[in-house]
Amino acid sequence: MKAVFAHLTGQNSRQGLWILPLIAGIVGFAWLAVSTDQFATPQNAKNLLAQAMPLIIVAIGQMMVVLLGGLDLSVGAVISFTTAILALDAPAAITIPAVFIAAIAIGFINGTTVTRLNVNPIIATLAMQMIIMGLTRLMRPVAGGEVPEVVKQLVSGAVFGVPFTVFWGLLVCLLAWKMLYGSRFGLHIFAIGGGIASGQSDAAHTFGIADKRTTLLAYIGCSCFAALAGIFLAGRIVSGDPNIGPPFTLDSVTAVAIGGTQLSGGVGSLHGTIIGALVLALLSNGMNLANVSAFVQTAIKGAVLLAVVAFQSRKKIGL
Amino acid sequence: MTSALSSPLAQRLLRIPPAYYVFGALLLTLWLTRPQLFNPNVMGIFIRQVAPLGILVLGQLLVMRVRSIDLSGAGVILLVNYIISSGLFPNGTLAFYLFMSIGIGLSVGLVNGVLVGLRRSSAVIVTLATNIILIGVVQLLASGKPPGDVPGFLRDIYNSKVLNVPSAVIIWVVLTGVLSIFLSRTVYGRYVESVGENPTAAHFSGVPVARTVVTAHLLAGVMAGLAGLVQTSSIAVGSIRFGLDLPLNAVAATILGGVIFGRGDGGVWGPFFGVMSFAMLFIVMTTFGIQEPGKLIAQGSIILIAAIFYGLRS
């Protein structure tokens, strides 16, 4: 019994607590499918997927940084910045590369200040968030503008009745899977994070792993995933909006945490993060269908987060 | 660069928290460009506005010294504000509101402290979650509408002055002084220092690590409650949206003041000047007519540059 409990709560597991959120998600899904008749419809499935997709994308990027014991609070600002760039009234051939150049630059600054200049990740990315939000508001004080037709098509199009959103999901998951589980980069992330979590922040370094370079790349990757989410959102709202990004900062951390990734680093999984983001999306989708007010939704989101985190057990006290 | 940084003088200068440099530079800018603003009345009004942030920072620096963090301040402030301004207790006295604010702070701090200290959950997530819950509860109670008026006598106290200094500022300075003495003269202060320095070593030296962390969160909750009371007194009509960015600003001010997770080199007065430099930044920005986006960029750049300079020495 104790072993089963330890397995369910993800004790001593590299992947963390992801089974309980999965069960909670399935139970919630089943309950919604039985109790409300609008839930189990193709239209709602499409909505749910489209709602969850940007969060899944941001959360995957956020997870890479969290696995290294860091935190990226600038992802929300990157999303807003991306939509503002796309709505600049320029051809997509210029704005889409510009979005990624900006994301790489932001990730590079975040990563460099954290790894080379010894700045705490929370404070470095918080400062970056302020700067990027300032720039975004300079470019686009209120929502408006129009994104290129290509971007709209990329998000709302469909082939053989399968919406492009599905391909976005497959592509992003494949890319993230390759990065985390099919490359040296991913292996190094877990090695560095494991060392940081157990208090030996240079453990991976002593094994010859380029820890600073890997961390820098993780921050760049995180910003790029946020930019990708920004492109997706811009395609959905067909305009630039400075206020669309900021909620994703904390939501992405929430999704990552629900998915069993520990904020001290080293423990977490891709499927856990996807489950976490889906559970969050399911929560708001289901509560919308059940006519639960947005305010109660906020409170319930917090309570779920608190419950999940109280189940996780770790050795370190604090952050 | 490296050799210049390792000289004794540079080392000594780098050891001074960036808050003092930022505060000095901004004060100088103001003195050179707008000397007419250099009178206690104008400065008092601006500094009075950051008093709630300053009180919140006192709690933040305490939890950050024991390697934790408290992001639930916004929720506590919002709840205090809602209860006072919604007219639930129309005959409330100052003592009643004071006890209520401290009580709310203590209960939230207890939840945070137990989960972070005893259950060993991640402090970022726990305090974020309590914050979300509190905000949701307040918005639900208010059903999206702003609550009613703030009792007049709170506003009168806020507007009063003692020896030409606004009373909100006096409350802030007194609390800072009390915390400073508390941390430097009591056993608990020693516990905080040793837990921050090395929790494992502290544990094996017989320091009650978990209890120290729980107490820090309790005190942080109390400070957030008091910040809520001062913040509420500063406005005439209640609101359900204000103060949401206060916790992150409190973290920024604390780090600017030389207190980083586990290390408290800046003491209590470093973060105090961190908050003061935010006030000065606000004055300078306003007098130069810089709009909201520019303010954000300037604030972010100053925090980043200060943190980089502080990070260079270690």
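Just so you know, the residues in each chain are numbered from 1, in the order the chain's sequence is written. Chain letters and ligand numbers both follow the written order, the letters beginning at A and the numbers at 1. Side-chain atom pairs in this predicted model are given and counted only at pLDDT of 80 or more, local residue features only at pLDDT of at least 70, and totals for whole chains, interfaces and linings cover all residues.

(A) The overall build of chain B, seen in detail. Every helix listed is a DSSP run of H or I at least four residues long, and every strand listed is a run of E at least two residues long, numbered separately from the N terminus. A count of helical and extended segments in chain B gives 16 helices and two strands. The size measure is the radius of gyration over C-alpha atoms, and the globule rule it meets is 2.2 Å times the number of residues to the 0.38 power. Here the C-alpha radius of gyration of chain B, 20 Å, is about what a compact globule of 314 residues would show, namely 20 Å. Along the three orthogonal principal directions, the C-alpha set of chain B runs to about 65 × 55 × 35 Å. A buried classification covers 50% of the 314 residues belonging to chain B. Working definition of burial: number of other C-beta atoms within 10 Å of the residue's own, with buried at 20 or more, exposed at 12 or fewer, and partly exposed in between, all C-beta atoms being placed from the backbone.

(B) Focus on the overall build of chain A. Summing up its helical and strand segments, chain A has 14 helices and two strands in all. Compactness check: chain A gives a C-alpha radius of gyration of 19 Å against a globular reference of 20 Å for 319 residues, within 12% of the reference. Its C-alpha atoms give chain A principal-axis dimensions of about 50 × 50 × 35 Å. In chain A, buried positions account for 53% of the 319 residues.

(C) Highlighting the interface of chain B and chain A. Counting residues at the interface gives 49 residues for chain B and 43 residues for chain A. Looking at the side of chain B that touches chain A, the elements that each hand over two or more residues are α7 (94-118), α8 (123-142), α13 (209-233), α14 (246-256) and α16 (292-312) of chain B. The class makeup of the residues in the side of chain B that touches chain A is 31 nonpolar, 14 polar and four charged. By the convention adopted here, residues are in contact when the distance between their C-beta atoms, placed from the backbone, does not exceed 7 Å. The classification used treats Ala, Val, Leu, Ile, Met, Phe, Trp, Tyr, Cys and Pro as nonpolar, Asp, Glu, Lys and Arg as charged, and all other residues, Gly among them, as polar.

(D) The arrangement of the environment of F273 of chain B in detail. Residues and elements named next belong to chain B. With respect to the helices and strands, the residue F273 is situated in helix α15 (residues 269-287). Distance in space between the C-alpha atoms of F273 and V237 is 30 Å, their sequence separation being 36 residues. In this view, F273 contacts A19, Y20, F23 and G257; residues no more than four positions away in its chain are not counted.

(E) Geometry of helix α14 (residues 294-311) of chain A. Helices are assigned an expected span. That span is 1.5 Å times one less than the residue count. A rise of 1.5 Å per residue sets the reference length of α14 of chain A, with its 18 residues, at 26 Å; its end C-alpha atoms lie 26 Å apart and thus fit the reference within 8%. When α14 of chain A is considered as a whole, its buried residues turn out to be T298, A299, K301, G302, V304, L305, L306, V308 and V309 of chain A. Next to the buried residues of α14 of chain A lie α2 (19-35), α12 (246-258) and α13 (270-289) of chain A together with α8 of chain B.

(F) Structural detail: the confidence of the model for chain A. The predictor's confidence in any single residue is recorded as pLDDT, a number from 0 to 100. Averaged over all residues, the pLDDT of chain A equals 86, while 96% of them reach at least 70. Per-element averaging of pLDDT across chain A places helix α1 (residues 2-8) of chain A at the bottom with 69 and helix α4 (residues 75-86) of chain A at the top with 93.

(G) Region of interest: the packing of helix α5 (residues 51-65) of chain B against α14 of chain B. All names here are of chain B. With axes taken as lines fitted to C-alpha atoms, and helix axes fitted only over the stretch in contact, angles between N-to-C directions fall between 0 and 180 degrees. Direction vectors running N to C along α5 and α14 enclose 65°, while the axes themselves pass 9 Å from each other. With respect to their mutual orientation, α5 and α14 come out roughly perpendicular. At the point where α5 passes α14, the crossing takes the right-handed sense. Contacts from L53, L56, V57, Q60, L61 and M64 of α5 reach α14 at L246, N249, A250, V251, A253 and T254. Tallied by class, the residues present in the contact of α5 with α14 amount to nine nonpolar, three polar and no charged. Here the word oblique covers every angle except those under 35 degrees (roughly parallel), over 145 (roughly antiparallel) and from 65 to 115 (roughly perpendicular). Each crossing is labelled by how the near helix is turned from the far one, with a counterclockwise turn of less than a right angle marking it left-handed and a clockwise turn marking it right-handed.

(H) Molecular detail of the confidence of the model for chain B. Here chain B shows a mean pLDDT of 85. Residues at 70 or above account for 96%. Across the interface, the model reports ipTM at 0.81; the global pTM reads 0.85.

(I) Seen up close, α14 of chain B. Residue and element names in this part refer to chain B. With ten of eleven residues buried, α14 is to be regarded as a mostly interior element. Among the residues making up α14, those that are buried are L246, P247, N249, A250, V251, A252, A253, T254, I255 and L256. Where α14 terminates, the next one or two residues include G258, which has phi positive at roughly 90°.

(J) Structural detail: the environment of Q262 of chain A. Along the chain, Q262 of chain A turns up in the loop between α12 and α13. By the C-beta count within 10 Å, which is 26 here, Q262 of chain A ends up buried. Taking C-alpha positions, Q262 of chain A is 8.5 Å from R314 of chain A, a pair spaced 52 residues apart along the chain. Q262 of chain A has contacts with G16, A197, V267, G268, Q312 and R314 of chain A together with S122 of chain B, leaving out every residue within four places of it along the chain.

(K) Focus on the environment of L26 of chain B. Residue and element names in this part refer to chain B. Within the secondary structure, L26 sits in helix α3 (residues 18-33). Note on L26: 21 C-beta atoms within 10 Å, which makes it buried. Once residues within four sequence positions are removed from consideration, L26 is found in contact with S277, M280, L281 and V284.

(L) Broad picture of the packing of α4 of chain A against helix α5 (residues 92-115) of chain A. Residue and element names in this part refer to chain A. Where α4 meets α5, the closest approach of the two axes is 9 Å, and the angle between their N-to-C directions is 155°. The angle between α4 and α5 falls in the class roughly antiparallel. Every pair of crossing elements has a handedness; the one defined by α4 and α5 is right-handed. Where α4 approaches α5, its residues V78, F81, T82, I85 and L86 are matched on the opposing element by T95, A98, V99, A102, A103 and I106.

(M) Seen up close, unusual backbone geometry. Even without a glycine there, the phi angle at D89 of chain A is positive, about 65°. Residue placement: D89 of chain A occurs in the loop between α4 and α5. Here D89 of chain A falls in the exposed class, since 11 other C-beta atoms lie within 10 Å of it. In this structure, R67 of chain B takes a positive phi of about 65° despite not being glycine. With respect to the secondary-structure elements, R67 of chain B resides in the loop between α5 and α6 (73-85).

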